[in-house]
Amino acid sequence: GNSVTQMEGPVTLSEEAFLTINCTYTATGYPSLFWYVQYPGEGLQLLLKATKADDKGSNKGFEATYRKETTSFHLEKGSVQVSDSAVYFCALSDRGGKLIFGQGTELSVKP
Amino acid sequence: GAVVSQHPSRVICKSGTSVKIECRSLDFQATTMFWYRQFPKQSLMLMATSNEGSKATYEQGVEKDKFLINHASLTLSTLTVTSAHPEDSSFYICSARDRLDPYEQYFGPGTRLTVT
């Protein structure tokens, strides 16, 4: 079946450090891929998405590229801020439109 | 942007009582809404898919008689936790899919349910 695997957290970085959160997926066909962010006590917000191979999603300095050959959608940001501290979820959307989430990666950015 | 609201944001109830959680799409019509459950420091678990005007489709292992879902209109879905018990305490999140943009889901802010 379809699945998403993320690198385990928590990830702790200093402000302005480079961020990578790895995400790989298993799916039949060509799913859409997403990164969602969840701030403490809140629901999920869509951070970025890519709907086909080689697409790059970007938003608020975050980027991720849909790599079909490596079945990956790694999240990157060149310089993190304290306000980026949150839990990040990688997800794929199957043909029926259901979202399948990774386990989430907690990011903590220290000043 | 598309906004989904949930009400209440927090609720505490006694064991054995029922609790209703509302999910509303505020500025778009949602033919499909999803209900998720999230345990502390864990991922979201899809409970059911709710389609307007028809019965909800429950994921394996989710008790349909315990978690009643009603999608009465294109902007409202409700989840009723019946005869709640402490193990039902969790964070419940809904999402809605815009009928004009079927590839994206918009999430509500979640409802924290505590059963005492």
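The structure this text deals with has already been given above.
Residues numbered from 1 in each chain as written. Chains lettered and ligands numbered in written order. Predicted model: local features only at pLDDT ≥ 70, side-chain atom pairs only at ≥ 80, totals over all residues. Heavy atoms only, no water.

1. A word on the pattern of salt bridges
Put simply, the test is: The rule for a salt bridge is simple: a side-chain nitrogen of Lys or Arg has to be within 4 Å of a carboxyl oxygen of Asp or Glu.
Applying the stated criterion across every chain, the model contains six salt bridges over all chains. A salt bridge links Glu63(A) to Lys56(A); the nearest nitrogen and oxygen atoms lie 3.6 Å apart.

2. Observations regarding the nonpolar core
The following threshold applies: Residues enter a nonpolar core if they are buried and are Ala, Val, Leu, Ile, Met, Phe, Trp, Tyr or Cys, with the set joined through side-chain atoms within 4.5 Å. When accessible area is computed with a 1.4 Å probe and restricted to protein chains, residues below 20% of their type maximum are described as buried, those above 50% as exposed, and intermediate ones as partly exposed. Numbering of helices and strands starts at the N terminus; helices are DSSP runs of H or I of at least 4 residues and strands are runs of E of at least 2. Every residue pair with non-hydrogen atoms within 4.5 Å of one another is taken to be in contact.
Of all hydrophobic cores here, the largest spans 26 residues; its most connected members are Phe67(B) and Leu113(B). Every element with two or more residues in this core is listed here: strand S2 (10-13), strand S3 (19-25), strand S4 (30-38), strand S5 (44-51), strand S7 (67-73), strand S8 (76-81), strand S9 (90-98) and strand S11 (111-115) of chain B. In this structure Phe67(B) touches Arg37(B), Met47(B), Tyr58(B), Val62(B), Leu79(B), Thr80(B), Val81(B), Asp88(B) and Tyr92(B), once residues within four positions along its chain are discounted. The next biggest cluster of nonpolar side chains, apart from the first, holds 25 residues, and it includes Val4(A), Leu13(A), Leu48(A) and Ala86(A).

3. Remarks on the packing of aromatic side chains
Definition in use: Paired rings are identified among Phe, Tyr and Trp, the last through its six-membered ring, by centres lying within 6.5 Å, and are further divided according to the angle between planes into stacked (under 30 degrees), edge-to-face (over 60) and tilted (the rest).
Considering all chains together, one arrives at 11 aromatic pairs over all chains under this definition. Plain terms: the ring middles of Phe89(A) and Phe101(A) are 6.1 Å apart, the flat faces sit at 85 degrees to each other, and that makes the pair edge-to-face. One end of the pair, Phe89(A), is in strand S10 (residues 86-93); the other, Phe101(A), is in strand S11 (residues 99-101), and 12 residues separate them in sequence. Assigned by exposure class, Phe89(A) and Phe101(A) land together as buried. Among the aromatic residues, those joined into a cluster by ring pairs are Phe34(A), Tyr36(A), Phe89(A), Phe101(A), Tyr36(B) and Phe107(B).

4. Describing the interface of chain A and chain B
As a reminder, the rule being used: Here the buried area means the combined drop in accessible surface, using a 1.4 Å probe, for two parts upon being joined, counting both sides. Pairing of N or O atoms within 3.5 Å defines a polar contact, subject to two protein rules: one partner must be a possible hydrogen donor and the other a possible acceptor, and residues neighboring in sequence count only if both atoms are side-chain atoms. Under the convention adopted here, Pro, Cys and the residues Ala, Val, Leu, Ile, Met, Phe, Trp and Tyr are nonpolar, Asp, Glu, Lys and Arg are charged, and Gly plus all remaining residues are polar.
Taken together, the contact pairs 18 residues of chain A with 19 residues of chain B. Interface of chain A and chain B: buried area, both sides summed, is about 1400 Å²; carbon and sulfur atoms make up 50% of it. Contact with chain B buries area across many residues of chain A, yet Leu44(A), Lys98(A) and Phe101(A) alone supply 30% of it, more than any other trio. For the pair chain A and chain B, the number of links is one salt bridge. Our count for the contact surface shared by chain A and chain B stands at four residue pairs in polar contact (both at pLDDT 80 or more). Listing elements by their share of the side of chain A that touches chain B, those giving two or more residues are strand S5 (32-38), strand S6 (44-50) and S11 of chain A. Partitioning the side of chain A that touches chain B into residue classes produces seven nonpolar, seven polar and four charged.

5. Notes on the sheet that holds strand S1 (residues 4-7) of chain B
Residues and elements named next belong to chain B. The cut-off we apply is this: By definition, two strands form a pair when at least two bridges between them are found by DSSP. Between N-to-C directions, angles cover 0 to 180 degrees, with each direction set by a line fitted to C-alpha atoms, over the stretch in contact for helices.
The strand order across the open sheet built from four strands is S1-S3-S8-S7, with neighbouring strands paired in antiparallel fashion. With partners counted over all chains shown, the strands left at the sheet margins are S1 and S7, one partner each. Each strand axis lies, on average, 15 degrees off the axis of its neighbour in the sheet, ignoring direction. The pairing of S7 with S8 spans five bridges and is classified as antiparallel. If you follow serine 73 over to S8, its bridge partner there is leucine 76.

6. Focus: the state of the cysteines
When the sulfur atoms of two cysteines share a covalent bond, that bond is a disulfide. All names here are of chain A. Filter applied, for reference: The term disulfide is used for any two cysteine sulfur atoms that are within 2.5 Å.
Tallied over the entire structure, the rule returns two disulfides over all chains. Each sulfur of the disulfide joining cysteine 23 and cysteine 90 lies 1.9 Å from the other. The sign of the -70 degrees torsion about the S-S bond sets the cysteine 23-cysteine 90 disulfide as left-handed. In this pair, cysteine 23 sits in strand S4 (residues 23-26) while cysteine 90 sits in strand S10, placing the two residues 67 residues apart along the sequence. Given the relative accessible area of 0%, cysteine 23 is considered buried. Residue classification places cysteine 90 among the buried positions, given a relative accessible area of 1%.

7. With respect to the side chain of Ser72(A)
All names here are of chain A. Turning to its location among the elements, serine 72 is positioned in the loop between strand S8 (62-65) and strand S9 (75-77). Among the residues examined, serine 72 registers a relative accessible area of 4% and is labelled buried. Engagement of the side chain of serine 72 in a polar contact is seen with the side chain of threonine 70, the distance being 2.8 Å. Ignoring anything within four residues of it in the chain, the contact list for serine 72 reads Cys23, Thr24, Tyr25, Leu33, Thr65, Tyr66 and Arg67.

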